[in-house]
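Examining the three-dimensional arrangement
Each chain is listed here by its residues.
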Amino acid sequence: AQSVTQPDIHITVSEGASLELRCNYSYGATPYLFWYVQSPGQGLQLLLKYFSGDTLVQGIKGFEAEFKRSQSSFNLRKPSVHWSDAAEYFCAVGARSYNNNDMRFGAGTRLTVKP
Amino acid sequence: ETGVTQTPRHLVMGMTNKKSLKCEQHLGHNAMYWYKQSAKKPLELMFVYSLEERVENNSVPSRFSPECPNSSHLFLHLHTLQPEDSALYLCASSQEAWRETQYFGPGTRLLVL
């Protein structure tokens with residue numbers, strides 16, 4: 001079955017520390033991969049996406065993610081977290097093939113930033 | 001006004017009421033989506049419209065009825081809802097369906113009593 005897993009429900013990091021949010025997927029088709037961020041009371045905003053090519057993608061706000069096909073992972077990273085990064089982060093996987101159009105989101109990881 | 005807007009932002013309704021959620025996008029996109037976001041559950045895709053035609057319906061109960069009169073507007077008509085339908089309903093749009101970046105509205109927080 002197709003699925004997206006974000007193993008960490010809640011992560012707390014200190015401001016200035018590095019961050020890695022995990023995302024694993026299970027998909028039969030070639031996936032399109034996304035990371036979105038949601039601040040309280042807001043809709044989702046795209047941070048970055050991967051369709052093909054270089055497996056290390058750069059996004060907005062200093063975020064990057066690396067696609068590892070062998071591990072079925074698309075982890076999000078940031079070298080130095082800012083207090084304004086506190087939010088909920090969603091990994092999403094889309095697929096389009098002749099018999100399957102789908103878009104799945106992970107359950108989300110809530111990030112708390114300590115001063 | 002730019003981006004994706006949703007009205008109302010908050011809605012309280014009884015199980016016998018009929019109400020509608022509205023979504024409008026000002027981005028010139030061809031695809032629009034309805035999602036349901038419940039506490040502690042993954043975001044659930046409900047409906048997808050591409051060029052005003054429904055292309056996906058993920059087994060959503062018939063008490064939810066979408067309408068897409070043109071590429072800029074999307075409605076979700078609600079009738080005889082259940083308390084478990086209480087959630088944040090998010091609308092999104094993208095240039096084309098599926099592989100393009102989706103732009104989300106702020107959502108409508110729905111409470112069914």
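See the structure printed just above.
Below, the structure is looked at part by part. (Residues numbered from 1 in each chain as written. Chains lettered and ligands numbered in written order. Predicted model: local features only at pLDDT ≥ 70, side-chain atom pairs only at ≥ 80, totals over all residues. Heavy atoms only, no water.)

Chain B puts 17 residues into the contact, and the matching count from chain A is 19 residues. Carbon and sulfur atoms supply 55% of the area buried between chain B and chain A, which totals about 1600 Å² over both sides. If you look at where chain B meets chain A, you find 0 salt bridges. Contributing elements (two or more residues each) for the side of chain B that touches chain A: strand E4 (31-37) and strand E9 (87-94) of chain B. Residues of the side of chain B that touches chain A, tallied by class, amount to 9 nonpolar, 4 polar and 4 charged. (Contact = heavy atoms within 4.5 Å. Buried area = accessible area lost by both parts, 1.4 Å probe. Salt bridge = Lys/Arg side-chain N within 4 Å of Asp/Glu carboxyl O. Helix = DSSP H or I, 4+ residues; strand = E, 2+ residues; numbered from the N terminus. Nonpolar A, V, L, I, M, F, W, Y, C, P; charged D, E, K, R; others polar.)

Moving on to the state of the cysteines. In this structure the tally under the stated criterion is 2 disulfides over all chains. Here Cys23 of chain A engages in a disulfide with Cys91 of chain A; their sulfurs sit 1.9 Å apart. Judged by the torsion about the S-S bond (-65°), the Cys23 of chain A/Cys91 of chain A disulfide is left-handed. Here Cys91 of chain A lies in strand E10 (residues 87-97) and Cys23 of chain A lies in the loop between strand E3 (19-21) and strand E4 (24-26), a separation of 68 residues in the sequence. Accessibility expressed as a relative area gives 0% for Cys91 of chain A, which makes it buried. Note that Cys23 of chain B is cross-linked by a disulfide to Cys91 of chain B, the S-S spacing being 1.9 Å. As the torsion about the S-S bond is roughly -75°, the Cys23 of chain B-Cys91 of chain B disulfide counts as left-handed. Of the two residues, Cys23 of chain B sits in strand E3 (residues 18-25) while Cys91 of chain B sits in strand E9, which places them 68 residues apart along the sequence. (Disulfide = S-S within 2.5 Å. Buried < 20%, exposed > 50% of the residue type's maximum accessible area, 1.4 Å probe, protein only.)

Geometric descriptors of this kind do not, in isolation, establish any biological role.
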